[in-house]
Every structure is written in structure tokens, then in C-alpha cells.
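What the coordinates show
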Amino acid sequence: MPSTDLLKEAERVMTICNACRYCEGFCAVYPAMELRRTFSEQDLKYLANLCHNCRGCYYACQYAPPHEFAVNVSKTFAELRLEIYSNFTWPGFLAGMFRRNGLLVSMITTLSVAVVVLLAFVLQGPAVVFSTHLGENAFYKVIPYWFIVIPFSALAIYVFINLLIGSINFWYETGGQLSELIDLRANSQAIKDVLQLKYLDGGGHGCNYPDDRFSMVRRWLHHCVFYGFLLCFASTTIAAIYDHFLHRGAPYPFWSWPVMLGTVGGLALLVGTGGLLYLKWQMDTVPATARAFGMDVGFLALLFFASLTGLLLLILRETPAMGTLLAVHLGVVAGLFITMPYGKFVHAVYCYAALVRNAVEQSRGGS
Ligand code: SF4
Ligand code: SF4
């Protein structure tokens, strides 16, 4: 359960905001807030995950610090979300991974890279790793097929189960019903909101990020990350279909679907994550929580290196560097999979659940 002090602070600021209502056009939080007179723990957990941290309400607020009311909704909700992430995670004994998350992510990823590189050298020998391999199945000459398929399939299933349990925990802990979770109209509205990244536009003029000026840059960079990730996921899925069902082993020609989707997705991820990392270093830290900094940077950096090593592998796959690059890329991707349920990625899952709940509530006009 989140700390009582944090819940009390969230309840305090929401009570002030509910009397003021100046920010009601900024995002989904305020219309959802206005459906309530009081704020239970369930309500606060839900509202915190509906917040996209655009900071519009902080810079617009006449009661923000140094005013004695010290209303700072974006920071309060960011802190509450951090506690919620560890409360809803599965298995519970790994909840501690959300603390000092940036350090843990970098250690796990470094270890994954070291293990895969070492395995490649031990199993195949330096002569094979440093040789040039061309044509179909060239990748498997460095890392055997089953050493890729079995661990990554197991990791994908683990991540899926983990995130599913986390989102079910979130749903019930925020007072949702199963019938609402599978409501088709609410889900299609939430999917539309996600595809447009609707609430990153701060009500039409953009986020106040990295400072008090309005800007659409954060929204467009999030678009790059979101669609880049989806394209890379589609590329991997099609490559798996080619491999398992059409018996065409990687690497594929440049004008094939896996490579074209992976290239566009990888470039979009590079731009999106690089840009967001840059903005993070520029940002005003008052509407943020310092505790989330490591987690945010760790996840962005991991996505950045996964796309960078993937693109380098594409460019240099017909050179002796291919073996080492393949091992490093697989190690980074393994680090991404292992840490996915215990880092920033869960925000996407809980935020989607909150958007479904919001669509249900708004269609009813009240809770
Ligand atoms: S953040 Fe400030 S201005 Fe906005 S609704 Fe709350 S109290 Fe009012
Ligand atoms: S920070 Fe942005 S998304 Fe979050 S409550 Fe304020 S206006 Fe809404």
C-alpha cells in the first residue's frame, strides 16, 4: 500500500483542485476528479495513473509553491505512481527492483551482455565469432538457433504473465469490475487515446516540458518511441514467422519486411529516446520526483542502446564485426526483457488500464 502521507497529500491537492477546477481542460485527470466529491485510496491510485505528467497544471496553478497551499499535482502523482508500481508488481518479493532502478537496470543489462558475449566465445570460439558469415542462417553460426529461441521465448512469456498480473492487480485495486475491463467501447476509446497520445497535448498547446514554455516536442518524441517500439515488435514477429513457418533463416535482405520495419522502427526509437533523454537533462525538476529520474533514464537508455546495436548490426552484418555486435545486441535486448516488468514500461500498462476506466466513467457520466 502507498504510504499514508503520500495518499494524504494526494487527497489534499485533489480536494483543493476540485474546488478550483481551473485546469479542467488540460487532461483526463480533472474531468475524472470532478465526478467525485471525496477521494478514496482507489480513486487516487486511478487518478495518478491517468496523469501523463505534462506539467500544465503546475505552471498554471496560482496555488503552486511558493504559495502556502503548495499544490504540485504532477510531483505528487509521480511519487504516488512510483509506489503503486512496486505495490502491484508480481512476484511481490521483486518489488524492491523499483528502488534504485536505474542502477539495477544498468547492472542487469551489463551482466546480460557479458553472459551472451561469453557464451558466444565459449560455444563457438573466437575464430567463428570474428569471422565474416554471409547468407541465410549467418546469425546462427555465431549464436545457435535454440540459444536464441528458447531463452527469448521464455522471457517473452514471463514478461507477458508478469504484466498481465500487474494490470489485474491494478484494475481491482482501483475499484474496477471485470465487465468494465472487457467493455469493447471503453477499450476502443482507450486505444484511440493511446494511438493519438491524446493527453500529451496539454489540452491543445502541448506539454510544459522541459520548462514552463508550451511545446509539442515531448509529444512527438513519445510518438517516435511508441511507434518505433511497435514497428520493432512487428519486425521481430514477422522474422519469427519467416523462421519458424517459412524456414527462412536470418539475416534477411534489406527490402524484406523484417528489415524495413526494424530499420524504420529502430531509427524512430533512436530519435525518440535520444530526444527524451536530452529533454530530461534540461527539465525543471520542481514538478518532478527525483526518485523517478534513474528509472526513466534507465529505460530510455536501454531502448536507445537496443535500437543502436540493432542498426549497427544491420549496417555491419557482412563484416567480421557481426558476431560481436549480434551478441551485444541480444544481451541488451535480454536486459530490456528482464527489467521490463520492473521499470518504466509498466507505466504504459497501468496508464492504458486507467484510460479504459476513464472511458467507462465518462460514458456513464459518473462513478
Ligand atoms: S492545479 Fe491549481 S489551478 Fe489547477 S485546478 Fe488545481 S488548484 Fe486549480
Ligand atoms: S501534470 Fe498534466 S496530465 Fe498530470 S494532472 Fe497535471 S495537467 Fe493533468
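In this text, all values refer to a predicted model and were calculated from it rather than measured experimentally. (Residues numbered from 1 in each chain as written. Chains lettered and ligands numbered in written order. Predicted model: local features only at pLDDT ≥ 70, side-chain atom pairs only at ≥ 80, totals over all residues. Heavy atoms only, no water.)

Attention shifts here to the site of ligand 1. Neighbouring ligand 1 are Cys17, Cys20, Arg21, Tyr22, Cys23, Tyr30, Cys57, Cys61, Gln62 and Tyr63. Here the shell around ligand 1 is composed, by residue class, of eight nonpolar, one polar and one charged. (Near = heavy atom within 4 Å. Nonpolar A, V, L, I, M, F, W, Y, C, P; charged D, E, K, R; others polar.)

Taken N-terminus to C-terminus, the directions of helix α8 (residues 145-173) and helix α14 (residues 322-339) make an angle of 25°; their axes are 9 Å apart at the nearest point. As summarised for this structure, α8 and α14 are arranged roughly parallel, according to the angle between their axes. The two elements α8 and α14 cross, and the hand of that crossing is left-handed. Between α8 and α14, the residues in contact are Ile148, Phe152, Leu155, Ala156 and Val159 and Leu330, Val333, Ala334, Phe337 and Ile338, respectively. Each residue belonging to the contact of α8 with α14 can be placed in one class, and the counts come to ten nonpolar, no polar and no charged. (Axes fitted to C-alpha atoms, helices over the stretch in contact; angles between N-to-C directions. Helix = DSSP H or I, 4+ residues; strand = E, 2+ residues; numbered from the N terminus. Parallel < 35°, antiparallel > 145°, perpendicular 65-115°, else oblique. Left-handed = near helix turned anticlockwise from the far one by under 90°. Contact = heavy atoms within 4.5 Å.)

Residues Pro65 and Pro66 are joined by a peptide bond in cis, for which omega reads 15°. In this structure, Pro66 sits in the loop between α4 (56-60) and α5 (73-88). Put simply, Ala250 and Pro251 share a cis peptide bond, and its omega is 5°. Mapped onto the elements of the fold, Pro251 is located in the loop between α11 (217-245) and α12 (257-282). One non-glycine residue, Arg55, lies in the positive phi region at around 75°. Of note, Arg55 is situated in the loop between α3 (41-50) and α4. Phi at Ala70 is positive, roughly 50°, even though this residue is not glycine. Its location among the elements puts Ala70 in the loop between α4 and α5. Given the relative accessible area of 29%, Ala70 is considered partly exposed. (Buried < 20%, exposed > 50% of the residue type's maximum accessible area, 1.4 Å probe, protein only.)

Close to ligand 2 lie Phe26, Cys27, Val29, Tyr30, Cys51, His52, Asn53, Cys54, Arg55, Cys57, Val73 and Ser74. Breaking the shell around ligand 2 down by element, the ones donating at least two residues are α2 (29-33) and α5. Its residues assigned to classes, the shell around ligand 2 comprises eight nonpolar, three polar and one charged.

So, on to α5. An ideal rise of 1.5 Å per residue puts 22 Å on 16 residues; α5 measures up with 22 Å between its terminal C-alpha atoms. Of all 16 residues in α5, 13 are buried, a share of seventy percent or more. (Expected span 1.5 Å × (residues − 1).)

Another aspect to go through is the environment of Val333. In this structure, Val333 sits in helix α14. The class for Val333 is buried, based on a relative accessible area of 17%. Note: C-alpha distance between Val333 and Ala95 (238 residues apart in sequence) is 22 Å.

What follows deals with the packing of helix α6 (residues 101-124) against α14. One way to put it is that α6 packs onto α14 with a least axis distance of 8 Å and a crossing angle of 140°. In terms of orientation, α6 lies oblique with respect to α14. Helix-helix and strand crossings are classified by hand; for α6 and α14 the assignment is right-handed. For the pair α6 and α14, contact is made by Val105, Ile108, Thr109, Ser112, Val113, Val116, Val117 and Ala120 and by Ala327, Val328, Leu330, Gly331, Val332, Ala334, Gly335, Ile338 and Thr339, respectively. In terms of residue class, the contact of α6 with α14 is built from twelve nonpolar, five polar and no charged.

Attention now moves to the domain arrangement of the protein. Domain boundaries assigned for the protein yield domain 1 (4-88) and domain 2 (92-364). Here domain 1 and domain 2 have C-alpha centroids that lie 28 Å from each other. When domain 1 packs against domain 2, close to 3,300 Å² is buried across both sides, 60% of that on carbon and sulfur atoms. If you look at where domain 1 meets domain 2, you find two salt bridges. Glu361 serves as the salt-bridge partner of Arg36, at 2.5 Å between the closest nitrogen and oxygen. (Domains from an automatic or database assignment. Buried area = accessible area lost by both parts, 1.4 Å probe. Salt bridge = Lys/Arg side-chain N within 4 Å of Asp/Glu carboxyl O.)

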